Amino acid sequence: MPGILLETLKGTKQEKVPIWLMRQAGRYLPEYRELRAEKGGFLELVYDSEAAAEITVQPIRRFGFDGAILFSDILIVPHAMGQGLAFLAGEGPKLSPTLLEAKLEDFTAAPERFDPIYETVRLTRGMISDEVTMLGFAGSPWTVATYMIAGEGSKDQGPARLLAYRDPARLQAILDAIVDVTIGYLRGQIDAGAEAVQLFDSWAGSLAPGEFERWVIAPNAKIVSAVKQSHPDTPIIGFPKGAGAKLPSYARETGVDAIGMDETLDPDWVHSVLPDGMPVQGNFDPLLLEAGGDAVGARAKLILRAFAERPHVFNLGHGIGQFTPIEHVESLLETIRG
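First things first, this report covers the structure right here in the doc. (Residues numbered from 1 in each chain as written. Predicted model: local features only at pLDDT ≥ 70, side-chain atom pairs only at ≥ 80, totals over all residues. Heavy atoms only, no water.)

Concerning the overall build of the protein chain
Basically, it comes down to this: Helical segments are the DSSP runs of H or I of at least four residues, strand segments are the runs of E of at least two, and each set is numbered from the N terminus. C-alpha atoms define the radius of gyration in this analysis, and the globule rule sets the expected value at 2.2 Å times the number of residues to the power 0.38. For each residue, the accessible area found with a 1.4 Å probe, counting protein chains only, is set against the maximum for its type, and the residue is called buried under 20%, exposed over 50%, and partly exposed in between. For the purpose of counting charges, residues Lys and Arg are taken to be positive, whereas Asp and Glu are taken to be negative. His and the chain ends are not included. We put the charge of a Lys on NZ, of an Arg on CZ, of an Asp on CG and of a Glu on CD.
Of regular secondary structure, the protein chain possesses 15 helices and nine strands. Its C-alpha atoms give the protein chain a radius of gyration of 19 Å, near enough to 20 Å, the size a compact globule of 338 residues would have. Seen through its C-alpha atoms, the protein chain measures out along the principal axes to roughly 55 × 45 × 40 Å. Out of the 338 residues in the protein chain, the part that is buried amounts to 57%. If you average the places of the 31 positive and of the 45 negative side-chain charges in the protein chain, the two averages end up 3 Å apart.

Have a look at this one:
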């Protein structure tokens, strides 16, 4: 029997609001830190299917979340496209050579790097009950491209935005290549057992409206259309972080089934501008969860009230912070489950 999360994402409002948290499998959990210390670096964990499946399941065991989100990273896509990838302690991800120094044609594609990710999905699906929804994901093309161009994360995505203005044809070619690889990657995850998938556009908020239409909405729409052709029954969640007033056009024009919201959005406004019956997810500030206190319950209830009339998945506005106390998550769950 499908779980309440999957049913919600398919547009059926549930008596109980399902909950999962972005980055729920990660550094705030002592069991994760223990396994990482034993196994080594982050990328080594991602490519170790048994370890990655165990990490994916850890928060399900501890908290009983309604969804298990694949333990991986959005930068697996450029790695499979042939760009070098390393995660350096205290510095974050580094991609080399950058697309300021090299061309896509210089890379030697390594699609076999997706195989252990698919195996993680298969293993995880076998470790969780049917009531828990298996969630896959990929980075959206604009966000992935910002890393591929700069070689690392940046505060304002300046290198990619400059390229968009100076040489839009080249950026278009980069995005088109990412779109093609991402379509195959998501299809592979679904074939391996993912029941819903999420597109993370973490840097969507750095673009002006015209550029948002071209570099965020258009490529995401291509991915959604292609995945829907092959897997019409698999819900797709779109998460354009920082979209702000551009959120309604993203919801209408990309074809996603559900919308993920960051914490800066007024939930009452979101409810008023999205299509009737469209499932929503997110909005709770991860820093509030880290801070704790009475405000956690009050904010959670505000969000629940705002979306009482539509299918709603409770989640954060972005990933859970590594210093979030376990008891704060438990308190939030008590509020949601009432």
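Considering the sheet that holds strand β8 (residues 280-282)
To keep it simple, the criterion reads: At least two bridges found by DSSP between two strands are what make those strands a pair. By definition, residues are in contact when any of their heavy atoms lie within 4.5 Å. All axes are obtained by fitting lines to C-alpha atoms, using only the stretch in contact for helices, and the reported angles, taken between N-to-C directions, cover 0 to 180 degrees.
In spatial order, the strands read β1-β4-β5-β6-β7-β8-β9; together these seven strands make up an open sheet with parallel pairing. Lying at the two open borders of the sheet, with one neighbouring strand each, are β1 (67-69) and β9 (312-313). In terms of strand pairing, strand β5 (residues 196-201) meets strand β6 (residues 236-240) through five bridges, oriented parallel. Of the residues in β6, the one forming a bridge with D201 is P240. Along the sheet, helix α10 (residues 209-230) makes contact with β5 and β6, crossing β5 at roughly 165 degrees.

Some remarks on the packing of helix α7 (residues 141-150) against helix α9 (residues 168-192)
The packing of two helices is summarised by the inter-axis angle and the distance between the axes. Stated formally: Each crossing gets its handedness from the near helix: less than a right angle anticlockwise from the far helix is left-handed, clockwise is right-handed. In this count, Pro and Cys sit with the nonpolar residues alongside Ala, Val, Leu, Ile, Met, Phe, Trp and Tyr, while Asp, Glu, Lys and Arg are called charged and the others, Gly among them, polar.
In the contact formed by α7 and α9, the axes pass within 9 Å of each other and the chain directions differ by 115 degrees. In the crossing of α7 with α9, the sense of the turn from one axis to the other is right-handed. Together, P141, W142, V144, A145, M148 and I149 of α7 and L171, I174, L175, I178 and V179 of α9 make up the contact between the two elements. By residue class, the composition of the contact of α7 with α9 is 11 nonpolar, no polar and no charged.

A word on the pattern of salt bridges
As a reminder of what qualifies: The term salt bridge refers to a pairing of a side-chain nitrogen on Lys or Arg with a carboxyl oxygen on Asp or Glu at a separation within 4 Å.
Tallying each qualifying case throughout the model produces nine salt bridges. For K39, the salt bridge identified is with D48, shortest N-O distance 3.4 Å. Take K39: its relative accessible area is 39%, and that puts it in the partly exposed class. Assessed through its relative accessible area of 24%, D48 is described here as partly exposed. E119 is paired through a salt bridge with R122; the nearest N and O atoms lie 3.1 Å apart. Taken as a pair, E119 and R122 lie in helix α6 (residues 115-127) at a separation of three residues, close to a single helical turn. Looking at E119, the relative accessible area reads 29%, which means it is partly exposed. Among the charged side chains, a salt-bridge network with shared partners connects E91, K94 and E152.

Here we look at the packing of aromatic side chains
For the record, the criterion: Pairs were defined over the aromatic rings of Phe, Tyr and Trp, the Trp ring being its six-membered one, requiring ring centres within 6.5 Å. Orientation was assigned from the angle between planes: stacked under 30 degrees, edge-to-face over 60, tilted for the rest. The rule for a charge over a ring is simple: NZ of Lys or CZ of Arg within 6 Å of the ring centre, and within 35 degrees of the ring normal.
All told, the structure shown has 11 aromatic pairs when counted by the stated rule. With 6.5 Å between their ring centres and 5 degrees between their planes, Y28 and F63 make a pair best called stacked. Taken together, the residues span a long stretch of sequence, with Y28 in the loop between α1 (4-9) and α2 (30-39) and F63 in helix α4 (residues 49-63) at a distance of 35 residues. In terms of burial, Y28 and F63 fall into one category: buried. Each member of the aromatic cluster is reached from another via a ring pair, and the members are Y32, F42, F71 and F87. Looking at K246, its charged tip hangs above the ring of F212, at a distance of 5.3 Å from the centre.

Notes on unusual backbone geometry
In the segment running from S96 into P97, the intervening peptide bond is cis, with an omega of -10 degrees. With respect to the element layout, P97 can be found in the loop between β3 (92-96) and α6. Within the chain, R23 stands out as a residue other than glycine whose phi angle is a positive 60 degrees. Locating R23 in the fold gives a position in the loop between α1 and α2. Of note in this structure, Q157 is not a glycine but carries a positive phi near 55 degrees. With respect to the helices, strands and loops of the structure, Q157 is situated in the loop between α7 and α8 (158-166). Under the relative-accessibility criterion, Q157 is labelled buried at 2%.

A closer look at α8
Those residues of α8 that sit buried are G158, A160, L163 and A164. Those residues of α8 that are buried lie in contact with α7, α9 and α10.

With respect to the environment of G338
Within the element layout of this structure, G338 appears in the segment after α15 (326-337). On the accessibility criterion, G338 (93% relative accessible area) is exposed. As a C-alpha pair, G338 and K16 span 322 residues in sequence and 9.1 Å in three-dimensional space.

Observations regarding the pairing of strand β2 (residues 84-88)
Two strands pair when backbone bridges link them, and β2 and β3 are joined in this way by five bridges, in the antiparallel orientation. What sits directly across from F87, in β3, is P93. Counting the residues that bridge the hairpin from β2 to β3 gives three residues, and of these G90 lies at a positive phi of roughly 80 degrees.

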